[in-house]
Amino acid sequence: MTIWQIWWVALAVKTVLLPVFPITPDEAYYLAWARHPQISYFDHPPFIAWIMTAALPLWKTALGIRLPGVIFSHLSYIPWIYILKKLNFSPRAQIFWMLALLLGPLTGLGGIIITPDVPMAFFWSLGIWFLLRIKEKPTLGRWLLLGAAVGLGLLSKYNMILFIPAALIWMAWEKK
């Protein structure tokens, strides 16, 4: 089985499981935010409400509420496919890595429950991918893409601020 086949099968399984789990109070809260958009909210940045806005036409079902977030969370695996290839992981190691991501509590079944961690994980993954591309060939465009990923990650969850010192430590370690 290839890494892309695993990706598609996992997306299908998550989509089938969407209506099985009841809507959590937090998801209902985020859906209320989507119905009343603001620049920010009391306890979170606005990106989760932006994702939930896509669910508004289908808000009466668990499938409709969660599908945009599950698709978004599943997109966070794509940068890892390229990161693992860039780091010269063997095809077998790439498959084990993908399976570990799909079985993780936050990235696996936890990705069905929509939280601010979903977009932050996506933008953190993109940030790592852009850092590797900058290491390969630093260009203004790649730095701008990294800045956009970190900025959107900060609009997802404030913990994204930790990406900056982590990236600086890694760049110092790599002598870049």
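Here we summarise the structure given alongside this text. (Residues numbered from 1 in each chain as written. Predicted model: local features only at pLDDT ≥ 70, side-chain atom pairs only at ≥ 80, totals over all residues. Heavy atoms only, no water.)

### Thoughts on the packing of helix α1 (residues 3-17) against helix α5 (residues 77-86)
So, step 1. Relative to each other, α1 and α5 sit at 165 degrees, their axes nearing to 12 Å. With respect to α5, the axis of α1 lies roughly antiparallel. Of the two possible hands of crossing, α1 and α5 adopt the one that is right-handed. From α1, Ile3, Trp4, Trp7 and Lys14 reach across to α5, where they touch Tyr77, Ile78, Ile81 and Tyr82.
So, step 2. Of the residues contributing to the contact of α1 with α5, the split by class is seven nonpolar, no polar and one charged. (Axes fitted to C-alpha atoms, helices over the stretch in contact; angles between N-to-C directions. Helix = DSSP H or I, 4+ residues; strand = E, 2+ residues; numbered from the N terminus. Parallel < 35°, antiparallel > 145°, perpendicular 65-115°, else oblique. Left-handed = near helix turned anticlockwise from the far one by under 90°. Contact = heavy atoms within 4.5 Å. Nonpolar A, V, L, I, M, F, W, Y, C, P; charged D, E, K, R; others polar.)

### Focus on unusual backbone geometry
So, step 1. Of note, Asn88 is a non-glycine position whose phi angle comes to about 60 degrees, a positive value.
So, step 2. When you line up the elements, Asn88 lands in the loop between α5 and α6 (91-103).
So, step 3. For Asn88, a relative accessible area of 67% translates into the label exposed. (Buried < 20%, exposed > 50% of the residue type's maximum accessible area, 1.4 Å probe, protein only.)

### Description of helix α8 (residues 140-156)
So, step 1. For α8, built from 17 residues, the straight-helix expectation of 24 Å at 1.5 Å per residue is met to within 8% by its first-to-last C-alpha distance of 24 Å.
So, step 2. Where α8 is concerned, the buried positions are Arg142, Leu146, Ala149, Val150, Gly153 and Ser156. Relative to the axis of α8, the buried residues are bounded by an arc of 110 degrees and lie together on one face. Pointing more than 90 degrees away from the buried face of α8 are the exposed residues Leu140 and Leu144.
So, step 3. Looking at the buried positions of α8, the neighbouring elements they touch are α3 (47-53), α7 (117-136) and α9 (163-173). (Expected span 1.5 Å × (residues − 1). Arc of directions from axis to C-beta.)

### Quick word on the pattern of salt bridges
So, step 1. Within this structure, the stated rule accounts for five salt bridges.
So, step 2. The partner of Glu27 in a salt bridge is Arg66, with the nearest N and O atoms 2.7 Å apart. Pair noted here: Glu27 is in helix α2 (residues 25-35) and Arg66 is in helix α4 (residues 62-75), with a separation of 39 residues, a long-range link. Each member of the pair Glu27 and Arg66 is classed as buried.
So, step 3. Residue Lys86 is joined to Glu136 by a salt bridge in which the shortest nitrogen-to-oxygen separation is 2.5 Å. Taken together, the residues span a long stretch of sequence, with Lys86 in helix α5 and Glu136 in helix α7 at a distance of 50 residues.
So, step 4. On the basis of relative accessible area, Lys86 is assigned to the partly exposed category, the value being 33%.
So, step 5. Members of the salt-bridge network, linked through shared partners, are Lys86, Glu136 and Arg142. (Salt bridge = Lys/Arg side-chain N within 4 Å of Asp/Glu carboxyl O.)

### A look at the packing of α1 against α6
So, step 1. Put simply, α1 and α6 touch, their axes get as near as 10 Å, and they point 15 degrees apart. Judged by the inter-axis angle, α1 sits roughly parallel to α6. Crossing handedness for the pair α1 and α6: right-handed. Touching Ile3, Ile6 and Ala10 of α1 are Gln94, Ile95, Met98, Leu99 and Leu102, all from α6.
So, step 2. Partitioned by chemical class, the residues of the contact of α1 with α6 number seven nonpolar, one polar and no charged.

### Here's the deal with the environment of Trp50
So, step 1. Summarising the element assignment, Trp50 is placed in helix α3.
So, step 2. Considering only alpha carbons, one finds Trp50 and Pro19, 31 residues apart in sequence, at a separation of 21 Å.

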